[in-house]
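# Observations on the model geometry
What follows is the residue order along each chain.
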Amino acid sequence: MGRYFRRGLSKVRFVPTIVDTDAPTRPELTAGTDLTPQIAEVNGFTFANSPIPTPDLNSTFTSTIPGEDTAEDSGFVFYDDDTATAIRTALEKGTRGYIVLMPYGDTPTKRAEVWPVEATGVADEWSTGNDPARFNVSFGITSPPTTDAVIPAA
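Small disclaimer: the values here were computed from a predicted structure and weren't measured.

### Some thoughts on the confidence of the model for the chain
- Per-chain confidence: the chain averages 94 in pLDDT, with 99% of residues scoring 70 or above.
- Per-element mean pLDDT across the chain ranges from 88 in helix H2 (residues 85-90) up to 98 in strand S7 (residues 96-102).

Structure follows, in structure tokens:
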């Protein structure tokens, strides 16, 4: 496929239950809410390690060892409209589940990321400018994501 443009290809779903995050099933994905059409922005959903410096007297070079794994604050900005209530309901504060990011679309055998999350709040954006109405949903990442899950066949 080579280089590609995410808009129009990538898909995002909120899935209430996934038994094996390495291999979500088609019924699990189908039971989720397709967030893709309302997403204006994606924030976070990056996983990183915080290396620990380990200097010693034997060298002027400071080596490091792996430290704690962390995830950035994560969330979505959605376009608001009177049909966005399904997203607001699915992602109300305290709701736990999984964000499934499918960079190459919902295409069997392709890679997906599965992020265990808890919604931490829904907040409207208010503006008097020439802007579309939008709202934010933020998430706590509750355990390490699976970044190489496989999308199942239909």
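### Things to note about the packing of aromatic side chains
- Summed over the entire model, instances satisfying the criterion amount to seven aromatic pairs.
- The interplanar angle of 55 degrees and the centroid separation of 6.1 Å between the aromatic rings of Phe-45 and Phe-139 together place this pair among those described as tilted. Of this pair, Phe-45 sits in the loop between strand S3 (39-43) and strand S4 (47-54) while Phe-139 sits in strand S9 (residues 134-141), and the two are 94 residues apart along the sequence.
- Owing to a relative accessible area of 7%, Phe-45 belongs among the buried residues under this scheme.
- Note that Lys-110 overlies the ring of Tyr-104, its terminal NZ or CZ placed 5.9 Å from the centroid.

Reading the values: the criteria
Throughout, residues of each chain are indexed from 1 in the direction in which the sequence is written. Totals for whole chains, interfaces and linings use all residues, but because this is a predicted model, local features are given only for residues with pLDDT of at least 70 and pairs of side-chain atoms are given and counted only at 80 or more. Side-chain measures here rest on the full set of heavy atoms in the structure, leaving out hydrogens and waters. The quantity known as pLDDT measures the predictor's confidence residue by residue, on a range of 0 to 100. Strands are runs of DSSP state E lasting at least two residues, helices are runs of H or I lasting at least four, and both sets are numbered from the N terminus onward. Side-chain rings of Phe, Tyr and Trp, where Trp is taken by its six-membered ring, are said to pair if the distance between their centres is within 6.5 Å; with planes under 30 degrees apart they count as stacked, over 60 as edge-to-face, and otherwise as tilted. Working definition: with a 1.4 Å probe on protein chains only, accessible area under 20% of the residue-type maximum means buried, over 50% means exposed, and in between means partly exposed. By the criterion adopted, a ring carries a charge over it if an Arg CZ or a Lys NZ lies within 6 Å of its centre and within 35 degrees of its normal.

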